[in-house]
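Next come the chains, spelled out residue by residue.
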Amino acid sequence: MKESELRELICTLAKSMFDRGLTSGSSGNISARTEDGGLLVSPTGTSFGRLDPGRLSRFDNKGNLINGDKPTKEISLHSAFYDTRSTAGAVVHLHSCHSVALSMMPDANEDDFLPPLTPYGIMKLGKVKLLPYFRPGDPAMGEAVRGLAGKRSAIMLANHGPVVAAKDVEAACFAIEELEDTARLAMLMQSFNPRMLSNDQVKDLITTFDVEWDV
Ligand SMILES: O=C(O)[C@@H](O)C(=O)COP(=O)(O)O
Ligand SMILES: [Zn+2]
């Protein structure tokens with residue numbers, strides 16, 4: 001994809017998520033690989049509702065900022081995904097409400113954050129890791145992601161928000177939206193003892209759709 005098209009797509013997808021309340025104010029950040037191995041990154045303090053394609057932070061393939069505004073303070077978090085997952089072409093972070101709510105539950109599962117409620121949750125995300133709370137911008141977040149050795153495409157930062165890497169920016173947005181939808185279902189259903197997918201049904205999905213599943 002030409003860089004000008006990628007710039008437009010990042011801003012269009014970010015605005016779509018903002019307009020649907022998936023992140024609000026100036027929360028969230030998004031990045032995508034360019035054809036020359038560089039990165040386009042949302043600038044710090046900007047709103048997903050009003051990203052300007054011409055002002056995205058542009059890094060070259062050696063990680064130098066070459067133009068655009070000052071990047072998100074979570075750049076080390078994004079870099080950790082690119083450095084540990086060779087397939088990563090985009091990374092998205094949101095402050096999506098239901099995911100954050102689920103991360104605050106006393107019985108939240110750290111190794112497998114999302115309950116197996118729907119097939120799409122499994123297919124789009126694999127197993128989601130819940131990481132502890134970090135101060136926003138703390139490079140330790142990136143270190144925690146590096147500690148996962150590229151085995152997870154999706155993580156949840158406790159009391160903060162989800163972060164998802166995927167092959168391109170559209171796939172990353174699809175996946176993080178699925179994470180929020182699954183967390184929403186989990187919160188809606190939590191007092192009803194919902195019937196979940198069985199282990200066999202989950203295994204069937206993993207096999208049929210070639211889902212990465214860190215065991
Ligand atoms: O929660 C935070 O402060 C950041 O993770 C965030 O979502 C927005 O920070 P910037 O991308 O630096 O604006
Ligand atoms: Zn954040």
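Residues numbered from 1 in each chain as written. Chains lettered and ligands numbered in written order. Predicted model: local features only at pLDDT ≥ 70, side-chain atom pairs only at ≥ 80, totals over all residues.

Named according to an unreviewed UniProt entry, the protein is 3-oxo-tetronate 4-phosphate decarboxylase originating from Marinomonas ushuaiensis DSM 15871. Looking at the Sequence similarities (unreviewed entry) heading of the UniProt record, one finds this comment for the protein: "Belongs to the aldolase class II family. AraD/FucA subfamily." UniProt annotates the protein under Function (unreviewed entry) with the comment "Catalyzes the decarboxylation of 3-oxo-tetronate 4-phosphate to dihydroxyacetone phosphate (DHAP) and CO(2)." (UniProt positions renumbered as here; feature names shortened; annotations may be inferred.)

Here's the deal with the UniProt feature "domain: Class II aldolase/adducin N-terminal" (unreviewed entry) in the protein
Following the UniProt record, one finds the feature "domain: Class II aldolase/adducin N-terminal" (unreviewed entry) at residues 8-187. Segment residues 8-187 splits into 34% helix and 17% strand. End C-alpha atoms: 34 Å apart. (Helix = DSSP H or I, 4+ residues; strand = E, 2+ residues; numbered from the N terminus.)

Brief notes about the pairing of strand β1 (residues 29-33)
Among the 5 residues in β1, 5 count as buried, and that is most of the element. Residues Asn29, Ser31 and Arg33 point to one face of β1 and Ile30 and Ala32 to the other, with burial holding for every one of them. Pairing of β1 with strand β5 (residues 90-93), which is carried by 4 bridges, proceeds in the antiparallel orientation. Bridge pairing in β5 places Ile30 opposite Val92. When β1 meets strand β2 (residues 39-41), the two strands line up antiparallel, connected through 3 bridges. Bridge assignment links Ser31 to a residue of β2, and that residue is Val41. As consecutive antiparallel partners, β1 and β2 are separated by 5 residues, and within that stretch Gly37 has a phi angle of approximately 85 degrees, a positive value. (Buried ≥ 20, exposed ≤ 12 C-beta atoms within 10 Å, placed from the backbone. Pairing = 2+ DSSP bridges.)

Side note on the environment of Asp112
Its place among the elements puts Asp112 in the loop between α3 (97-103) and α4 (119-125). Judged by C-beta crowding, with 15 C-beta atoms within 10 Å, Asp112 ranks as partly exposed. Between the C-alpha atom of Asp112 and that of Ile155, which follows or precedes it by 43 residues, the distance is 9.8 Å.

What to know about the site of ligand 1
In the neighbourhood of ligand 1, the contacting residues comprise Ser26, Ser27, Gly28, Asn29, Thr44, Gly45, Thr72, Lys73, Glu74, His93, His95 and Pro136. Classifying every residue of the shell around ligand 1 gives 1 nonpolar, 9 polar and 2 charged. (Near = placed C-beta within 6 Å. Nonpolar A, V, L, I, M, F, W, Y, C, P; charged D, E, K, R; others polar.)

Considerations on the packing of helix α1 (residues 3-19) against helix α6 (residues 169-189)
Two numbers describe how α1 lies on α6: the axes approach to 10 Å, and their chain directions differ by 15 degrees. Relative to α6, the element α1 lies roughly parallel. Judged by the sense of rotation from one axis to the other, the crossing of α1 with α6 is right-handed. Only Val169, Glu170 and Cys173 of α6 make contact with α1, whose side of the interface consists of Leu9, Ile10, Leu13 and Met17. Tallied by class, residues from the contact of α1 with α6 come to 6 nonpolar, no polar and 1 charged. (Axes fitted to C-alpha atoms, helices over the stretch in contact; angles between N-to-C directions. Parallel < 35°, antiparallel > 145°, perpendicular 65-115°, else oblique. Left-handed = near helix turned anticlockwise from the far one by under 90°. Contact = placed C-beta atoms within 7 Å.)

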